[in-house]
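Each chain is listed here by its residues.
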Amino acid sequence: MTERRFAFPLAEGLHARPAAALGAWAQGRPLVWENTRNGRRAPLGSVLDLLATDTRPGDPCRLLAEDAEALADWDAFFAGPFRDTGPAPAGGAAPRVPRILARVPTPWWAALPVVDGLGEGPACFLPDARPAEPPAGDPPQARLAEALATLRTALDAEAAQADDPEIRAILQAHRALAEDDGWAGAMLRSADQGALAAVRLATEAACARLLASDQALLRARALDLQGLGERLAGILAPPAPDPAPDGILLAPDLTPTRLLGLDRSRLRGLVLGEGGAASHTAILARAFGIPCVALAPLPAGLAPGTPLLVEGRRGLLVQDAPPEVRAYLGREAEGRAFRQARREAAAGPVRTRDGHPLRLLANLACAEEAEGAFRAGAQGVGLLRTELLFLDRREAPSVAAQAEAYGRVLRAADGRPVVLRLLDAGGDKPLPFLPLPREANPFLGRRGVRWYPQHAGLVRAQVAAALGAGPGELRLMVPMVADPEELAWVRALVAEEAARLGRPAPPVGMMVEVPAAALNLRAFGAADFFSVGTNDLLQYLFAEDRNEPALARRDRAWHPAALRVLAGLVRDAAALGKEVSLCGELASDPRLLPLLAGLGFRSLSVAPAALPALAEAAARLELPACRTLADQALEADGPGAVEALLEAFVPAAPDLPLLDPDLVVLDEACATREEAIRLLVERLAATGRVPDADALEAAVWAREDTCATAIGHGLAVPHGHGPGAGGLALLRLRAPLDWGGSPVRLVLLLASAGAAEHLRAFARLARRLMDPAFREALETAPAPADAVTLLETLNP
């Protein structure tokens, strides 16, 4: 029996067309398909049986045959005609699945990457958030009467505070309903069924009567009653605090408010059932550094306590991860930490290879993130979200509490700019104390600046807190602006508060996230600066809910329609003489950096974790090449064409020596070849010698799969070539490792930019390794610097 192993490459899984192609290729040969994720097998001659293997993108598979001759033309078919039976992966390339997952059978799922990081722990879940009947105590009628009184008092207070006459009238109408005999009276009379049951029954009965009316106005009042009923139920039975999650939390619909309320001290990872990388829950998870993926529907049958592993960069959820898989993924995590440490040690101005400055700022969700962001190289704060201060409270934070939080960021910034975004409530960020009306589509409702005039006191208090936060380069930014009048209203309020407090008014800019504003930017000359919020701008541009996993297409970020809007923004901001930056999630992707630089963006605000990789990527760019790339992308007819341009774009290689002490790892234990190769690939990437660790690893394995690179004398010389400066990385193992049948203790991984250079370097290395004294010196080198001194004789 012989076999071929592979990860399933098609984005839509094994459906009818590729299954039929497999049967046609096999032409009656007795070949068997096996999905090793679930153990299901099928003969290649049956389309239905193949479909029943439930083969999904990235699944580890085997093709089994009685003899090698039956698979003689498989590689050519698999690399060509078979891949043509499936469409290009939606939203970009399918996740690069570690080959060790295909080799070591264990259940795993390909998910949407949300927050980079590696987390392990038992599966845990949250209880149903719906209120339960409170335990017996006072008679239900007494509890209901008290709850109704509390509701009426709250409505009285809200009506008194409302600045807008229309909202005040609505609240007063709700106050009247709370005394209405047909609703409040009915529930008191049926309280013996339980307080919550009485609320539910009375509300349903009253709504049914209203909905039966032929007058639209009366039918609409049913929504008011429904909202009042939910609010009253919350007073009767406030939701119990969630238990502290311990391990990997699987949550089908975790809201930002609920995540904020969790004790996160033992939370190791998140698997969201809904919401993509740009949802506010995901943004919070990123701010808290919680590894996170999105997977809808969530895997069925996972019991609490099931050992899980979440890998947020590739988008993987692994059940019962074997030690080899954990060790491999651990090497990846170590590599990224090593890269971050190098970047922090070398913090300084970021410039392109040809000397053009690029300002990299940080997106912060709370003051606690500030110090880490500046250690990672942030040159300022491009987006300070302020919603966290408000989301977990039943009343607005005081001016003093806000000023303290903003002041912490200003002090950490130490004179660097801080852009504070004024409160962006609404949508998926409701505030318990802000009585916004229920809306059928909150994302198109009263979000951001749209409710400011009706709650001017809340906005005025935040502006006063910002002005009193202490010295620093503070700027204020207004969210969800669509019309110049909205910006003018805020600017006037800021000027009034500054005058009242006797302080200079800070610059006031605006988020550009509504397409109407983006396409009419020259009407916003009153703005002091612009910041492009691509998360919402893309959502509204493509009319796709960013929280809907089925619509979370990564390729929207480089769709020509989006690029043309961004190019127009840069052009119009320049015509106004205003600064424009980009603070959406897409700015965090180093692969898109040449495109954004070519479009004219010179200031990006990103998650702090993305800063080191972006700084390294910037150092490889030359602006003329970036502009050419952007011009070609703007002329493309679809995201696939732009993606092809991005794949073909080769940044200039940095001028780095072949060797570096950071490329030498001495006396480390590795259990598999995969782990050893990943360790060395990560070192080459961390030192800036290769731009894509995954691509180099794939090139190395292409060679290893042909023939293992053990060369005797306990040596292995894996190698590959591709973009970047290249380099030589050395691993001296603590104990010999099986390398395709040969024990190996020294691994020298050679990466080079081109085939010719690769051959020359490899020949020099081979000659030196033939010398027994040289080998012995390498095997006993006391420190990385000593090994580098020995290997420097390889330099041409």
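The structure displayed is predicted, hence computed values, not measured ones.

## Some words on the overall build of the chain
Part 1 of the reasoning: The helix and strand tally for the chain stands at 29 helices and 26 strands.
Part 2 of the reasoning: Within the chain, residue pairs in contact and separated by at least 24 positions form 70% of the contacts whose partners lie at least 6 positions apart.
Part 3 of the reasoning: Of the roughly 33200 Å² that the chain leaves accessible, carbon and sulfur atoms contribute 55%.

## Quick notes on helix H25 (residues 673-686)
Part 1 of the reasoning: In this model H25 runs 20 Å from its N-terminal to its C-terminal C-alpha over 14 residues, within 8% of the 20 Å that 1.5 Å per residue would give.
Part 2 of the reasoning: Where burial is concerned, most of H25 is hidden: 13 out of the 14 residues are buried.
Part 3 of the reasoning: Of the residues trailing H25, Gly688 is marked for its positive phi of about 80 degrees.

## Description of the pattern of salt bridges
Part 1 of the reasoning: According to the stated counting rule, one finds 47 salt bridges in the structure shown.
Part 2 of the reasoning: Linking Glu579 and Arg475 is a salt bridge whose minimum nitrogen-to-oxygen distance equals 3.6 Å. With a gap of 104 residues between them, Glu579 in strand S19 (residues 579-582) and Arg475 in strand S16 (residues 473-478) connect regions that are remote in the sequence.
Part 3 of the reasoning: Asp528 is paired through a salt bridge with Arg491; the nearest N and O atoms lie 3.0 Å apart. Of this pair, Asp528 sits in the loop between helix H18 (515-518) and strand S18 (529-532) while Arg491 sits in helix H17 (residues 484-501), and the two are 37 residues apart along the sequence.
Part 4 of the reasoning: Assessed through its relative accessible area of 28%, Arg491 is described here as partly exposed.
Part 5 of the reasoning: When salt bridges that share partners are traced, they join Arg313, Arg314, Glu332, Arg678, Glu682, Asp694 and Glu697 into one network.

## Side note on the packing of aromatic side chains
Part 1 of the reasoning: Throughout the structure, instances matching the rule amount to seven aromatic pairs.
Part 2 of the reasoning: Judged by centre distance (4.7 Å) and plane angle (45 degrees), the rings of Phe6 and Phe78 are tilted. Separated by 72 residues along the polypeptide, Phe6 in strand S1 (residues 2-7) and Phe78 in helix H3 (residues 74-79) bring together distant segments of the chain. There is no split in this pair, since Phe6 and Phe78 are both buried.
Part 3 of the reasoning: Summarising the aromatic geometry, the rings of Trp74 and Phe78 are spaced 5.0 Å apart at their centres and angled 25 degrees between planes, so their arrangement reads as stacked. On the criterion of helical spacing, the pair formed by Trp74 and Phe78 is a turn pair, its members being four residues apart in helix H3. Side by side, Trp74 and Phe78 carry an identical accessibility label, which is buried.
Part 4 of the reasoning: Through pairs of rings, three or more aromatic residues link up here, namely Phe6, Phe8, Trp25, Trp33, Trp74 and Phe78.

## Regarding helix H20 (residues 560-576)
Part 1 of the reasoning: Helix length check: H20, at 17 residues, gives a terminal C-alpha distance of 24 Å against a target of 24 Å (1.5 Å per residue), a fit within 8%.
Part 2 of the reasoning: For H20, every residue scored as buried is listed here: Pro560, Ala562, Leu563, Val565, Leu566, Ala567, Gly568, Leu569, Val570, Asp572 and Ala573.

## Considering the confidence of the model for the chain
Part 1 of the reasoning: The pLDDT averaged across the chain works out to 83; a share of 86% of its residues lies at or above 70.
Part 2 of the reasoning: Across residues 87-95 the pLDDT falls below 50, and counting only partners more than four positions away or on other chains, this stretch makes 19 contacts in the model.

## A look at the environment of Val664
Part 1 of the reasoning: As for its position among the elements, Val664 is in strand S21 (residues 664-668).
Part 2 of the reasoning: Looking at Val664, the relative accessible area reads 7%, which means it is buried.
Part 3 of the reasoning: With 19 residues separating them in the primary sequence, Val664 and Arg683 have C-alpha atoms 8.4 Å apart.
Part 4 of the reasoning: Look past the residues within four positions of Val664 in its chain and what remains in contact with it is Arg683, Leu730, Pro784, Ala787 and Val788.

## Some words on the side chain of Gln462
Part 1 of the reasoning: Structurally, Gln462 is set in helix H16 (residues 456-467).
Part 2 of the reasoning: Apart from the residues lying within four places of it in its own chain, the contact partners of Gln462 are Thr386, Phe390, Gln402, Tyr406, Leu420, Arg421, Leu422 and Leu423.

## Some remarks on the sheet that holds strand S9 (residues 267-272)
Part 1 of the reasoning: In spatial order, the strands read S5-S12-S11-S7-S8-S9-S10-S6; together these eight strands make up an open sheet with mixed pairing. In this open sheet, the two strands that pair with only one neighbour each are strand S5 (108-110) and strand S6 (112-115). The sheet shows a mean angle of 30 degrees between the axes of neighbouring strands, direction not considered.
Part 2 of the reasoning: Relative to strand S12 (residues 316-319), strand S11 (residues 307-311) is paired through four bridges, and the arrangement is antiparallel. Its bridge partner lying in S12, Leu308 is registered against Gln319.

## Focus on the side chain of Glu682
Part 1 of the reasoning: Tracing the backbone shows Glu682 in helix H25.
Part 2 of the reasoning: Residue Glu682 is classed as buried on the basis of its relative accessible area of 4%.
Part 3 of the reasoning: At 2.8 Å, the side chain of Glu682 forms a polar contact with the side chain of Arg678.
Part 4 of the reasoning: Apart from residues lying up to four places away in sequence, Glu682 is in contact with Arg331, Glu332, Gly335 and Arg336.

## A short note on the nonpolar core
Nonpolar side chains in soluble globular proteins tend to end up buried together.
Part 1 of the reasoning: Tyr406 and Phe601 are the most contacted members of the largest nonpolar core, which totals 102 residues.
Part 2 of the reasoning: No other element matches H20, which puts eight residues into this core.
Part 3 of the reasoning: Setting aside residues up to four positions removed in sequence, Tyr406 forms contacts with Leu384, Thr386, Leu389, Phe390, Leu420, Gln462, Ala465, Ala466 and Ala469.

## Thoughts on the sheet that holds strand S3 (residues 40-43)
Part 1 of the reasoning: An order of S1-S4-S2-S3 is seen for the four strands of this open sheet, with the pairing classed as antiparallel. Two strands in the sheet have a free side with no partner beyond their single neighbour: S1 and S3. Pairwise comparison of adjacent strand axes, ignoring direction, gives a mean angle of 20 degrees for this sheet.
Part 2 of the reasoning: Here S1 runs beside strand S4 (residues 60-65); their pairing, made up of six bridges, is antiparallel. From the neighbouring strand, Phe6 faces S4, where its bridge partner is Cys61.

Here is what the cut-offs are and how they apply
Residues numbered from 1 in each chain as written. Predicted model: local features only at pLDDT ≥ 70, side-chain atom pairs only at ≥ 80, totals over all residues. Heavy atoms only, no water. Helix = DSSP H or I, 4+ residues; strand = E, 2+ residues; numbered from the N terminus. Contact = heavy atoms within 4.5 Å. Areas by Shrake-Rupley, 256 points an atom, 1.4 Å probe, with all protein chains shown as cover. Expected span 1.5 Å × (residues − 1). Buried < 20%, exposed > 50% of the residue type's maximum accessible area, 1.4 Å probe, protein only. Salt bridge = Lys/Arg side-chain N within 4 Å of Asp/Glu carboxyl O. Phe/Tyr/Trp six-rings, centres within 6.5 Å; stacked < 30°, edge-to-face > 60°. pLDDT = per-residue confidence, 0-100. Pairing = 2+ DSSP bridges. Axes fitted to C-alpha atoms, helices over the stretch in contact; angles between N-to-C directions. Polar contact = N/O pair within 3.5 Å; in protein donor to acceptor, adjacent residues only side chain to side chain. Core = buried A, V, L, I, M, F, W, Y, C linked by side-chain atoms within 4.5 Å.

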